[in-house]
Amino acid sequence: MTGTPTPPLVMDFRGVGLTYPGPPPVAALKPCRLAVARGEYLTVVGPSGSGKSTFLNIAGLLDAPTEGQYFLDGIDTATLSDADRTGLRGRRIGFVFQSFHLLPHRSAVENVMLAMVYNSTTRRGRTERAREALERVGLAHRADALPTRLSGGERQRVAIARALVARPSLLLCDEPTGNLDTATAGSILELLDELHADGMTLVVITHDPEVAVRGRRTVTIRDGVLSEQVRSA
Amino acid sequence: MRTSLIGRRRDAGRNSGADRSRLALRDLLSESAAGVLQRPARSALTALGTVLGVGTFVAVLGLTATTSSQIDSRFNALTATEVTVEDTGGAQPEFLANAFPADADRRVERLHGVRRAGVYWPVRLGPEDLVRSAPPGVGGAQGERTAVVAASPGVLDAADPVLSQGRTFDAYHDRRAESVAVIGAGLADRLGVTTLETAPAVFVGDRAFTVIGIVADVERRADLLQSVVVPRTTAERIWGGPRSGERAKMLIATELGAARQIASGVALALDPAHPEYFKVVPPPDPRSLRATVTSDLDQLFMLLAAICLVIGAVGIANTTLVAVLERTGEIGLRRALGARGRHITVQFLAESGALGALGGLVGTSLGTVTVVAMAVVRDWTPVIHPVTVLAAPVVGLVTGVVAGLYPAWRASRIQPAEALRR
Ligand SMILES: Nc1ncnc2c1ncn2[C@@H]1O[C@H](COP(=O)(O)OP(=O)(O)OP(=O)(O)O)[C@@H](O)[C@H]1O
Ligand SMILES: [Mg+2]
């Protein structure tokens, strides 16, 4: 065998599905296969209620699938205890939410530092790491501002810095531009492009086709059924 | 090694690749301190109930301790060995100037357990009867208005005097109604009496009294130090007996433990036919005194303190519960960042505990200030047991933690996926 070695899989769904018990039971995600290799940029699109957030919750270990196996960095997450899954989440997954989820009484840098509280990061150097992460997203000059004094785009940058600071294997973004105007959204998408260029593995969930096309791969969810379009060149 | 409060490191050999989340003690403390300090006004109001409860608790205990120690210090051996007899003169005192018989001292001193006893009364002086060191008009001595006390020989002895010079008068002076006087050291200073060797005299009006003793201090009847004390026979000879309104009293010094016994028999010994002429003041019973201090009122206040604490706990519980609901998003975020349910629990417990402890500390200070203020107003020594001061903030802390149990449990039950949906 020759050629470039295939990069290891970060996310590997093998027949993963989730049915909310109800009543009535809702098959929010039908069993599906999906593999995301390190450094890939995947977008997930679908109309409202199609199962995008369900997909994100499983991928982010916030919810356990009712069917199939999910390997994260080669670890079978189904065999893990709740505590171990939580630990894995804190170390290997960075979340970016539509509504930012910043703590209003803490400065940008303190919000970023929150991502290092639970995953055994030594206290020393946390501030420096947080400032570096803010610099990475272009917000070094606003590090000490409270979120209430930041624009929407700046808030989302803080949230991205928080997601990056623990050096996760996977960055999961749920509608990262949903609360932003077009111009600001464009700058956030550029930032995501840069992160991708730096080798970060990205999964971005959106209902916006404009955003979806930024991904190198796009999968569509419709009524819980996940399907991948093969792009023409 | 950092302090790891929660979560053990998995064995290195375990093939999970997953390290459990942990929350270092310092992180827990700084996270919960931030939670409390970020809303200072709300935290202060929340802690108010605990402040009141713990404050009342400290104040009641402190005031009780202060009062009992005051009683203990006042009720020493001296008061326990002192009986005072007042002359009421019976039903018609205007016809009986002095109910004490002439041999009152001897009659009482015959009783078992009596050390010394004596009769005394204040002498009523005319406006011209100033006390001087020289006769009026001689040497221009100004003279001062000073009390003159007529006393039988036993009075000065019963008062346990410390003489700086000379002696007290005795039965001989009393029998002969000698013009002698014993004066206090302060008065002697003011009158310029420095030595008794020259047999100096003091003048009350134009009457001279030879000073035979200067008293530096007495254990009882401190007013004697500011008086000219003369034998009662002398006083009777010059000014007559006690007047109505300024009736005679008897001071009895007893052996330890004999006072109550003597108090019950002294009136009969003084006048077997008319014991009703005398009102006997026995020393106070320390047990009954202390009993009145730790009274029902005290228990009422303790109950009040307990109610305040319960209200404080309910206040903290309520605010923490509201905070949990308000901060659902934050809880979801923390879970997404790797917090386990128990990390959320301990954080909210620490926050409510901190509120309780804060209320406890402020309450302890306020309670202490109250006790000190009350003591100062009454000229007492404030006493608060160290145990009270140490225990009170802990009571606040426990109140806060107990109040936080339910909200913290609720917080840990919030599912991260649900919490992040908002
Ligand atoms: N906890 C739950 N219990 C039962 N059904 C649920 C639950 N959460 C979601 N669903 C259902 O599962 C389906 C998929 O929901 P999901 O939130 O994943 O949609 P979505 O694609 O994220 O929608 P949107 O774009 O509006 O956010 C919906 O029909 C929804 O009603
Ligand atoms: Mg959604």
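Computed from a predicted structure; not experimentally measured.

A look at the overall build of chain B
- If you tally the helices and strands in chain B, you get 15 helices and 11 strands.
- Counting every position in chain B, which comprises 422 residues, the buried fraction comes to 48%.
- Long-range contacts, defined here as pairs at least 24 residues apart, represent 80% of the contacts in chain B between residues at least 6 apart.
- For chain B, the accessible surface area stands at approximately 20,400 Å², while carbon and sulfur atoms represent 59% of it.

Comments concerning the packing of aromatic side chains
- Enumeration according to the criterion identifies six aromatic pairs over all chains in this entry.
- For the ring pair F13 of chain A and F55 of chain A, a centre distance of 5.4 Å and an interplane angle of 55° mean the geometry is tilted. One end of the pair, F13 of chain A, is in strand 1 (residues 9-20); the other, F55 of chain A, is in helix 1 (residues 52-59), with 42 residues separating them in the sequence.
- Owing to a relative accessible area of 0%, F13 of chain A belongs among the buried residues under this scheme.
- An aromatic cluster is defined as three or more aromatic residues linked by ring pairs; in this entry it consists of F13, F55 and Y70 of chain A.
- Looking at R14 of chain A, its charged tip hangs above the ring of F71 of chain A, at a distance of 4.1 Å from the centre.
- Positioned above the aromatic ring of W380 of chain B, the side-chain terminus of R378 of chain B is 5.1 Å from the ring centre.

Considering the pattern of salt bridges
- Scanning the model with the defined rule gives 30 salt bridges over all chains in all.
- A salt bridge links D84 of chain A to R20 of chain B, with the nearest nitrogen and oxygen atoms 2.9 Å apart. Of this pair, D84 of chain A sits in helix 2 (residues 82-92) while R20 of chain B sits in the segment before helix 1 (25-37), on two different chains.
- On the basis of relative accessible area, D84 of chain A is assigned to the buried category, the value being 0%.
- Ionic pairing is found between R167 of chain B and D170 of chain B, a salt bridge with its closest N-O pair at 2.6 Å.
- Here the residues in one salt-bridge network are R106 of chain A together with E31, R327, E330, R334 and E351 of chain B, joined through shared partners.

Let's talk about the UniProt feature "transmembrane region" (unreviewed entry) in chain B
Residues and elements named next belong to chain B.
- UniProt's feature table lists "transmembrane region" (unreviewed entry) at residues 44-65, 300-325, 346-377 and 383-406, given in the numbering used throughout.
- Each end of residues 346-377 is marked by a C-alpha atom, and these two atoms are 45 Å apart; helix forms 100% of the span and strand 0%.
- Helix makes up 88% of residues 383-406 and strand 0%, and the two end C-alpha atoms of the span are 38 Å apart.

As for the side chain of R91 of chain A
- Looking at where R91 of chain A falls in the secondary structure, it is placed in helix 2.
- Exposure remark for R91 of chain A: the relative accessible area of 19% places this residue in the buried category.
- Not counting the four nearest positions on each side in its chain, R91 of chain A is found in contact with N119, S120, A166, R167 and P168 of chain A together with D19, R20 and S21 of chain B.

Some thoughts on empty space enclosed by the protein
Residue and element names in this part refer to chain B.
- Inspection of every chain in the model, using the stated rule, returns four cavities of 30 Å³ or more.
- One number sums up the size of the largest cavity: a volume of about 140 Å³.
- Around the largest cavity, the lining is made up of 13 residues, and of these G35, R42, A323, E351 and L355 lie nearest the centre.
- Elements with a minimum of two residues in the lining of the largest cavity: helix 1, helix 2 (40-74), helix 11 (296-326) and helix 13 (341-377).
- Classifying every residue of the lining of the largest cavity gives three nonpolar, six polar and four charged.

Here's the deal with the interface of chain A and chain B
- With 32 residues of chain A at the interface, the matching set in chain B holds 36 residues.
- For the pair chain A and chain B, the two sides together bury roughly 3,100 Å², of which 52% comes from carbon and sulfur.
- At the boundary of chain A and chain B, one finds four salt bridges.
- Put simply, chain A and chain B have nine residue pairs in polar contact (both at pLDDT 80 or more) between them.
- If you tally residues by element for the side of chain A that touches chain B, the top one is helix 2 of chain A, at nine residues.
- Split by residue class, the side of chain A that touches chain B holds 12 nonpolar, 11 polar and nine charged.

Details of the site of ligand 1
- Inspection of the region around ligand 1 gives 13 residues, with S48, G49, K52, S53 and T54 of chain A positioned closest.
- Residues close to ligand 1 are split across chains A and B.
- G51 of chain A places a main-chain nitrogen or oxygen 3.0 Å from an oxygen atom of ligand 1.
- Burial of ligand 1 by the protein chains amounts to 63% of its free accessible area of 640 Å².
- Those elements that provide at least two residues to the shell around ligand 1 are strand 2 (26-37) and helix 1 of chain A together with helix 15 (416-421) of chain B.
- With three residues, helix 1 of chain A is the largest single contributor of residues to the shell around ligand 1.
- Tallied by class, the residues present in the shell around ligand 1 amount to four nonpolar, six polar and three charged.

What about the nonpolar core?
Residues and elements named next belong to chain A.
- Within the largest apolar cluster, 90 residues are counted, with the highest numbers of intra-cluster contacts made by M11, F13, F55, Y70 and L134.
- Looking at this core, the element that brings in the most residues is helix 5 (residues 152-165), giving seven residues.
- Residues contacting F13, with those up to four places away along its chain left out, are L29, C32, R33, L34, F55, I58, A59, Q69 and Y70.

Some remarks on the packing of helix 12 (residues 328-336) of chain B against helix 13 of chain B
Residues and elements named next belong to chain B.
- Contact geometry for helix 12 and helix 13: axes closest at 10 Å, N-to-C directions at 135°. Relative to helix 13, helix 12 is oriented oblique. As for how helix 12 packs across helix 13, the hand of that crossing is right-handed. Between helix 12 and helix 13, the contacting residues are E330, I331, R334 and R335 on the first element and G341, I344, Q347 and F348 on the second.

Concerning helix 1 of chain B
- Taking 1.5 Å per residue as the helical rise, helix 1 of chain B with its 13 residues ought to reach 18 Å, and the 18 Å between its terminal C-alpha atoms agrees with that figure.
- Buried within helix 1 of chain B we find D27, L28, E31, S32, A34, G35 and V36 of chain B.

About the criteria used
- Residues numbered from 1 in each chain as written.
- Chains lettered and ligands numbered in written order.
- Predicted model: local features only at pLDDT ≥ 70, side-chain atom pairs only at ≥ 80, totals over all residues.
- Heavy atoms only, no water.
- Helix = DSSP H or I, 4+ residues; strand = E, 2+ residues; numbered from the N terminus.
- Buried < 20%, exposed > 50% of the residue type's maximum accessible area, 1.4 Å probe, protein only.
- Contact = heavy atoms within 4.5 Å.
- Areas by Shrake-Rupley, 256 points an atom, 1.4 Å probe, with all protein chains shown as cover.
- Phe/Tyr/Trp six-rings, centres within 6.5 Å; stacked < 30°, edge-to-face > 60°.
- Lys NZ or Arg CZ within 6 Å of the ring centre and 35° of its normal.
- Salt bridge = Lys/Arg side-chain N within 4 Å of Asp/Glu carboxyl O.
- UniProt positions renumbered as here; feature names shortened; annotations may be inferred.
- 1 Å grid on protein atoms, 1.4 Å probe; cavity = no way out; pocket = protein on both sides within 12 Å on 5 of 7 lines; lining within 4 Å.
- Points joined across faces, edges and corners; volume = space filled by probe spheres on them.
- Nonpolar A, V, L, I, M, F, W, Y, C, P; charged D, E, K, R; others polar.
- Buried area = accessible area lost by both parts, 1.4 Å probe.
- Polar contact = N/O pair within 3.5 Å; in protein donor to acceptor, adjacent residues only side chain to side chain.
- Near = heavy atom within 4 Å.
- Core = buried A, V, L, I, M, F, W, Y, C linked by side-chain atoms within 4.5 Å.
- Axes fitted to C-alpha atoms, helices over the stretch in contact; angles between N-to-C directions.
- Parallel < 35°, antiparallel > 145°, perpendicular 65-115°, else oblique.
- Left-handed = near helix turned anticlockwise from the far one by under 90°.
- Expected span 1.5 Å × (residues − 1).

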